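The primary structure of each chain is shown beneath.
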Amino acid sequence: MLRNYLTVAFRNILRHKTYSFINIAGLTVGLTAFFLMALYVVHELSYDRHHEKAGQIYRMGLEGSFGGNEFKGASSPIPMAETLVRDFPEVITATKLLPAGNVLMRYEDEKFLEERMFFADSTIFEVFTIPLIRGNAETALTKPNSIVMTDETSERYFGSDDALGKMIVGEDGNSYLVTGVAEKPPETSHFHFDFLASFTTREDSRSTVWLSNYLQTYFVLQENYPPEQLENKFPELVEKYVGPQIQAAMGISLEAIKSAGDSYSYFLQSLLDIHLYSHFDGELEENGNATYVYIVSVVAVFILLIASINFMNLATARSAGRAKEVGIRKALGSRRSQLIRQFLTESILITFIALIIAIALVELLVPVFNNLINMQLGGLQLNNWLILAAIGGIGILVGTLAGSYPAFFLAAFKPASVLAGKLKSGLKGSRLRGGLVVFQFAIAITLFVGTFIVAQQMGFIQNKDLGYNKKNVLVIERADALGEQQSTFKQELLQQSGVTSATFSSQPPGRIFNLNAFGVEGRPVTETYPMYDFMGDHDFIETLELKLATGRYFSPDRLLDSASVLINEAAVKMLGFEEPLSQSLIRFGASNIICQIIGVLEDFHYQSLREVIKPMAIRILPTSGGNFIAVRIRPENVEETLDLIENQWQEFVPDQPFDYYFLEDDLANLYENEERTGIIVTLFSVLAIFIAGLGLFGLASFTAEQRTKEIGVRKVLGASASNIVALLSKEIVVLVLIASAIAWPLAWYGMGRWLENFAFRINLGIGTFVLAGILAFAIALTTVSFQAIKAALANPVEALRYE
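**Q** In this structure, what is going on with a nonpolar patch on the surface? I would like to understand it.
**A** The grouping of Ile-357, Leu-361, Leu-364, Leu-365, Val-368, Leu-372, Ile-679 and Leu-683 at the surface amounts to a nonpolar patch, some 620 Å² of accessible area in total. Counting residues per element, the nonpolar patch draws most heavily on helix α12 (residues 336-373), which supplies six residues.

**Q** Just checking my understanding: could you explain the environment of Thr-142 for this structure?
**A** Residue position: Thr-142 is located in the loop between β7 (132-135) and β8 (146-150). Counting along the chain gives 37 residues from Thr-142 to Thr-179, while the straight-line C-alpha distance between them is 10.0 Å. In this view, Thr-142 contacts Ser-122, Ser-198 and Thr-200; residues no more than four positions away in its chain are not counted.

**Q** What's the story with the pairing of strand β20 (residues 584-587) in this structure? I'm lost.
**A** The side chains of a regular strand alternate between the sheet's two faces. The two faces of β20 match: Ser-584 and Ile-586 on one face and Leu-585 and Arg-587 on the other face are all buried. Bridge analysis of strand β16 (residues 514-520) against β20 gives three bridges, and the strand direction is antiparallel. If you follow Val-520 over to β20, its bridge partner there is Leu-585. Relative to strand β21 (residues 593-601), β20 runs antiparallel, the two sharing four bridges. Along β21, the bridge assignment pairs Ile-586 with Ile-594.

**Q** Help me out: how do you make sense of helix α19 (residues 638-652) in this one?
**A** One full turn of an α-helix is made of 3.6 residues, so residues set three or four places apart face in the same direction. For α19, with 15 residues, the first-to-last C-alpha span of 21 Å sits near the 21 Å given by 1.5 Å per residue. Among the structural elements, β14 (473-476), α16 (486-493), β15 (499-505), β23 (628-633) and β24 (660-662) are those in contact with the buried residues of α19.

**Q** So what exactly am I meant to see when it comes to the side chain of Gln-440 here?
**A** With respect to the secondary-structure elements, Gln-440 resides in helix α15 (residues 431-463). Contacts of Gln-440, omitting those with residues within four sequence positions, involve Ile-306, Ile-309, Asn-310, Asn-313 and Ala-692.

**Q** Quick question: what am I supposed to make of the pattern of salt bridges here?
**A** Should their charged atoms come close, side chains of opposite charge can pair. Counted by the stated rule, this structure contains 22 salt bridges. A salt bridge links Asp-87 to Lys-240, with the shortest nitrogen-to-oxygen separation between them at 3.9 Å. Placement of the pair is Asp-87 in helix α3 (residues 80-87) and Lys-240 in helix α7 (residues 234-250), with a sequence separation of 153 residues. Between Asp-539 and Lys-490 there is a salt bridge whose closest N-O contact spans 2.4 Å. Placement of the pair is Asp-539 in the loop between β17 (529-536) and α17 (540-544) and Lys-490 in helix α16, with a sequence separation of 49 residues.

Cut-offs used in this document
- Residues numbered from 1 in each chain as written.
- Predicted model: local features only at pLDDT ≥ 70, side-chain atom pairs only at ≥ 80, totals over all residues.
- Heavy atoms only, no water.
- Patch = residues over 30% accessible without salt bridge, like charges linked within 9 Å, V, L, I, M, F, W, Y side chains within 5 Å.
- Areas by Shrake-Rupley, 256 points an atom, 1.4 Å probe, with all protein chains shown as cover.
- Salt bridge = Lys/Arg side-chain N within 4 Å of Asp/Glu carboxyl O.
- Helix = DSSP H or I, 4+ residues; strand = E, 2+ residues; numbered from the N terminus.
- Contact = heavy atoms within 4.5 Å.
- Buried < 20%, exposed > 50% of the residue type's maximum accessible area, 1.4 Å probe, protein only.
- Pairing = 2+ DSSP bridges.
- Expected span 1.5 Å × (residues − 1).

Have a look at this one:
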């Protein structure tokens, strides 16, 4: 029976080649787009799921508020891991994880600059699934100066030699013994390492300080234990360990902090939520965004719907062409159920032809797609029978959904009416087809609006006045390697004709700043304020071209400036100062520091534009205390200037690599997720309108064909070609206008919500929505007019003779 259905289906596909080609082309594009976007979504959703205990792993975080200003971070103090295991039986095991930053490692005469080195407890292998190829996970990191490297790193250092037992030297002078070789972490991990060094190597490994939060703590919770129950016990932990240290450092109690309306607490975060939902201070890497996954998922489904709607529209538009076939088959005894099965078989067969082509295209296009969005997506993994079954299920589902209405519609024809020629058909004959066209173009217009707004917001970000000049600024990392030579290096740098200014700093704009607690001299110690703490030398404001609102900057001629501070306008507002230059701040720490405010900087964006400008304090950098040096260079002869700076660097520190980047490029990297989403939405918006246009082309073809006699009569009676084009086009034009009216409010709401991710954003203007509607209108009109003009220019005699 199935064989007979397939045979007939193949014959029908070959007999109606134009119809079949349009359907196969539309479904192929739709399925290809769907699978590419599905690969992206699956990639984002699979982060950290390779760990055996992924559902039981949690990360500690710190949150609270001071002076009415909230803070939330992914960091915790050194004693946290041991305390969790000791004080809470429901915690099975825990580990600390601390990035080492950029580290220069040596093996024999070779030097390697490593950016993915972490200090970790030996229990890291109990928390995370990190398979060791060589070595013993139970002992690999138990001793100081022991280190585990990935297999890829081992090959870089030792080639094919066994890494176990080899000694490598860090720039801190420590010699590390390789005690293990681990598999490289998968792409879908929220942190990636090349080295894991024993935390016991560090001098602060046994620190009992709870007020310094600068590492990550992960732990495994007992299976099925409610995490909120553990979280409810954290106030006691804060009171027992943190409270006494706050009292000692700041002279205030936790009760006083609470009574002032402030708070200090810890929270839990599931490992599986980190990649898509965590964007706190102290993240190990830039995470993804669940909003963008939702957007891409919806776009994927909509594109597949548009392709399926094309199938429905074309099948019902062709109803007159197949009505006689249905009438004859019914007259010869075919039951309605048989006809439904036949038409569904035909639609599923067309879908599977498109599916096979789409699979081949996906495998070819994945590398290109990866380059476009800067990711490493895998293929469809066709060797996995579950995935094959899922793909087959998608083919059956799409074929059934796309073919169900046409199958029931055609099978319902009455043979007497059909054979008597009383069947109405065409675009006018079906309100449903008109509604489906409206739905298609509403989706396409919504996607167009989204594309335009994403592009406008990214352009706004790139051109926004950040409060400083980001162009032509070269940032050299690892400036601390210069040591006592920092001042001399800077003076010689300024002698170069291509260099206009230079400054050492603790951190450059766009990178994470240290958050510290400050007080105001003369106010109660219970009034504490969180402020980002930054240090720069005397030329920082000149090099970045910052602007002073009032007061002055640090001067090398004023020795007392070492006890001075500048704040930004956001800090002035938070602190409620009317005369900030008459005030002094207290920087809380191991020893409290009183700093006289000597100036106020105009607010500048030292973080992403997603963030509001937060209060910050700038202190003078101690001599030889810079971690970075920012160099403003002339835009002419950049390569030559770079070579001269590198040569100078090698003269001062010949054993150190010249590691640099341009500030403008580094800031652009902050918006990688937005850029990626913009590319995806733009690409698939074009595909959506292509599929919709393809369907319109088919509809216009069949409409013109079915109205051949009417067109011929109208021309004989004097209708011009323009009259005929207007006749055949006006209905589509009305449908696209209706689609615009539906799409605009949806796009306004959706893109408004997306823009809420940015503290600084564009205003939604009506022009963008009108432009998207005009573009869709132009595409629809062009598509339909092609067939309309062709019909209008035809010889009416031939048309009437044809009829």
